[in-house]
Structure formats: structure tokens, C-alpha cells
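Examination of the molecular architecture
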Amino acid sequence: MRTRNKPWAEDMLVNDTKVVMNPESKKGKWKQHFNNDNPIHIEVGCGKGRFIRETAKINPNINYIAIEKNKSVIVTGVINAKDVECSLVFVPGLVQNLTSYFDKGEINRIYINFCDPWENRKKWHKRRLTHHNFLNMYESLFENVGEVFLKTDNKELFEFSLNEFLNSNWCLKNISLDLLKSGADNIMTEYEQKFCDKGMPIYRCEAKK
Ligand SMILES: C[S@@+](CC[C@H](N)C(=O)[O-])C[C@H]1O[C@@H](n2cnc3c(N)ncnc32)[C@H](O)[C@@H]1O
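A short tour of the structure in this document, coming up. Keep in mind it's a predicted model, so treat the numbers as computed, not measured.

**Structural notes on the sheet that holds strand β6 (residues 171-176)**
By definition, the strands of a sheet pair up through backbone hydrogen bonds, in either a parallel or an antiparallel sense. One open sheet accounts for 7 strands, arranged β3-β2-β1-β4-β5-β7-β6; its pairing is mixed. Whereas interior strands pair on both sides, the edge strands pair on one side only; in this sheet they are β3 (88-92) and β6. Taken over all neighbouring pairs, the strand axes of this sheet differ in orientation by 15 degrees on average, direction set aside. The pairing of β6 with strand β7 (residues 203-208) spans 4 bridges and is classified as antiparallel. Bridging from a neighbouring strand, serine 176 pairs with arginine 204 of β7.

**Some remarks on the site of the ligand**
Around the ligand lies a shell of 16 residues, among which Gly45, Glu68, Gln96, Asn113 and Thr189 are the nearest. Within the backbone of valine 95, a nitrogen or oxygen atom sits 3.0 Å from a nitrogen atom of the ligand. Within the side chain of threonine 189, a nitrogen or oxygen atom sits 2.7 Å from an oxygen atom of the ligand. In the complex, 85% of the free accessible area of the ligand, which totals 590 Å², lies under the protein chains. In this structure the site holding the ligand corresponds to the largest pocket.

**Let's talk about the packing of aromatic side chains**
Taken as a whole and assessed by the stated rule, the structure comprises 12 aromatic pairs. When the centroid spacing of 6.4 Å and the interplanar angle of 75 degrees are considered together, the rings of tyrosine 101 and phenylalanine 102 count as edge-to-face. Neither tyrosine 101 nor phenylalanine 102 differs from the other in exposure class; each is buried. An aromatic cluster is present here, built from Trp30, Phe34, Tyr101 and Phe102 joined pairwise through their rings. Above the ring of tryptophan 118, the side-chain terminus of arginine 127 is found at 4.6 Å from the ring centroid. Directly above the ring of phenylalanine 160 sits arginine 128, whose terminal nitrogen or CZ lies 4.6 Å from the centroid.

**Observations concerning the pattern of salt bridges**
Scanning the model with the defined rule gives 9 salt bridges in all. Across the pair lysine 57 and glutamate 54 runs a salt bridge, and its minimum N-O distance is 3.3 Å. Linking lysine 57 with glutamate 54, this pair stays in helix α3 (residues 50-57), spanning 3 residues, or about one helical turn. The partly exposed category is assigned to glutamate 54, whose relative accessible area is 24%. Note that arginine 204 and glutamate 206 form a salt bridge whose closest N and O atoms lie 2.9 Å from each other. Here the two residues arginine 204 and glutamate 206 agree in accessibility, since each one is buried. By sharing partners, the salt bridges in this structure join Arg53, Glu54 and Lys57 into a single network.

**Section: the side chain of threonine 189**
Among the secondary structure elements, threonine 189 is positioned in the loop between α8 (179-182) and α9 (190-197). In this structure threonine 189 comes out as buried when scored by relative accessible area, which is 6%. Of note is the side chain of threonine 189, whose polar atom sits 3.3 Å from the backbone nitrogen of tyrosine 191. Looking at threonine 189, its side chain comes within polar contact range of the main-chain nitrogen of glutamate 192, at 3.0 Å. Among residues more than four places away in sequence, those in contact with threonine 189 are Arg50, Phe51, Asn113, Phe114 and Lys151.

Cut-offs used in this document
- Residues numbered from 1 in each chain as written.
- Predicted model: local features only at pLDDT ≥ 70, side-chain atom pairs only at ≥ 80, totals over all residues.
- Heavy atoms only, no water.
- Pairing = 2+ DSSP bridges.
- Helix = DSSP H or I, 4+ residues; strand = E, 2+ residues; numbered from the N terminus.
- Axes fitted to C-alpha atoms, helices over the stretch in contact; angles between N-to-C directions.
- Near = heavy atom within 4 Å.
- Polar contact = N/O pair within 3.5 Å; in protein donor to acceptor, adjacent residues only side chain to side chain.
- Areas by Shrake-Rupley, 256 points an atom, 1.4 Å probe, with all protein chains shown as cover.
- 1 Å grid on protein atoms, 1.4 Å probe; cavity = no way out; pocket = protein on both sides within 12 Å on 5 of 7 lines; lining within 4 Å.
- Sits in = over half its atoms within 2 Å of the grid points.
- Phe/Tyr/Trp six-rings, centres within 6.5 Å; stacked < 30°, edge-to-face > 60°.
- Buried < 20%, exposed > 50% of the residue type's maximum accessible area, 1.4 Å probe, protein only.
- Lys NZ or Arg CZ within 6 Å of the ring centre and 35° of its normal.
- Salt bridge = Lys/Arg side-chain N within 4 Å of Asp/Glu carboxyl O.
- Contact = heavy atoms within 4.5 Å.

Structure representation (C-alpha cells):
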């Protein structure tokens, strides 16, 4: 998906109450930010935010945080979530910085939807958001248990991810090699919609630590 640079994005993000521009200042204080004790689920690389917005709409007892590095992209998510009743905030930020944004025990679930497969060179596998270095970071943020829910169109990335989860002693469940055909409840992301329109299978799993 090509994204147009939106020079006005920064201004709009800074002035929107659904956006947290300095997530480091919220570390250890997210429950105060949401003003409740509900669990916190995050999506990393949320893109234009359809998945997390629609998920948040039907789960009012969960707090959601959508994280995305590209301000020209996340701003569309913010605009589309305007006037939507839900507990959702947007963070323009990097997955690599999660430990600066959250204290141990602050988040309970991480959604990774259609992350970059980094497939051309083996040395790039370290950049995959399911590489064991990332899994170890996610684990360090969980208190007792925590979950990662993964969806991808990329079979090779999926295979890699299953092995990474298992080698790091995560428990896997609800594995699907064709999510649409499985009939499971599903909220589509923007990328997923495009792949499904082309008839491509979607791979999905839930990993628990
Ligand atoms: C292929 S898109 C998928 C977007 C959305 N999840 C979907 O399924 O429609 C991947 C997104 O992840 C974002 N992204 C990539 N690396 C990231 C990182 N290290 N931290 C935060 N966001 C990242 C990209 O900017 C892009 O918007």
C-alpha cells in the first residue's frame, strides 16, 4: 500500500485527544490514562486502524492502544476513529520501543497483523516482529500470562513464526491456514481485505506465554 506523505499529519496528531505523542510519559501509568482497571491490548503496526477500531467498538471492557510508525498512515486511523465510542488511543511510535512505553504487566495482548515478512535475505529475519528477540521483549512486558495474536498472508513468515513461538516455549492455539474458510469470527484489517479480495488464504494463530 503506497502512502502519500501528509505534511499536516503531525499537527493533527498533536491536537487530537485520542493520540498519545509521548508514550514514554505514560509508562507505568496507562491505567490512570484510561481511568479504569481494564486489561490493555495493543496492536503493533496498526496501519489505518480498521482492525483495532472495530475490535474496540465491540469490546468496551478492554483498553486498546494502536501503535504505528508512519504518521501519514496513523493519522487516517485517528480520523476514522473520530466520534467512535470506544476505549482506544493511538501512538505514533516504534515496536522496538515498547519497553520504553510500557511497564511489566501493563499489557495483556499484542496483535500483529500483516507485518513486513522481510523475506529476501536471511539476515533480515531478525527484523521480523515474530523473531525470538521480539518475542523475548513481548514476554518481558507480561506479568503472568500474555498473548500474541498473529495474522499474515505470508506462508513462509507464518512457518517461521510458528517455529519461533515453539522454540521460545509459547503455547499455540487456534491455528488456521485459511482463516476465511475456517468460519472463525474475524475482523479484517485493510491489508487483509485486499488479500481476501484476491482469494488468498490468511494464516492466523494465537500464542500464549
Ligand atoms: C503491511 S502494513 C499492515 C497494516 C495493518 N496492520 C493492516 O493489516 O492493514 C504494516 C504496517 O506496520 C508499520 N510498521 C512497520 N514496522 C513498524 C515498526 N517497527 N513499528 C511500528 N510500526 C511499524 C508500517 O508502517 C505499516 O503501516
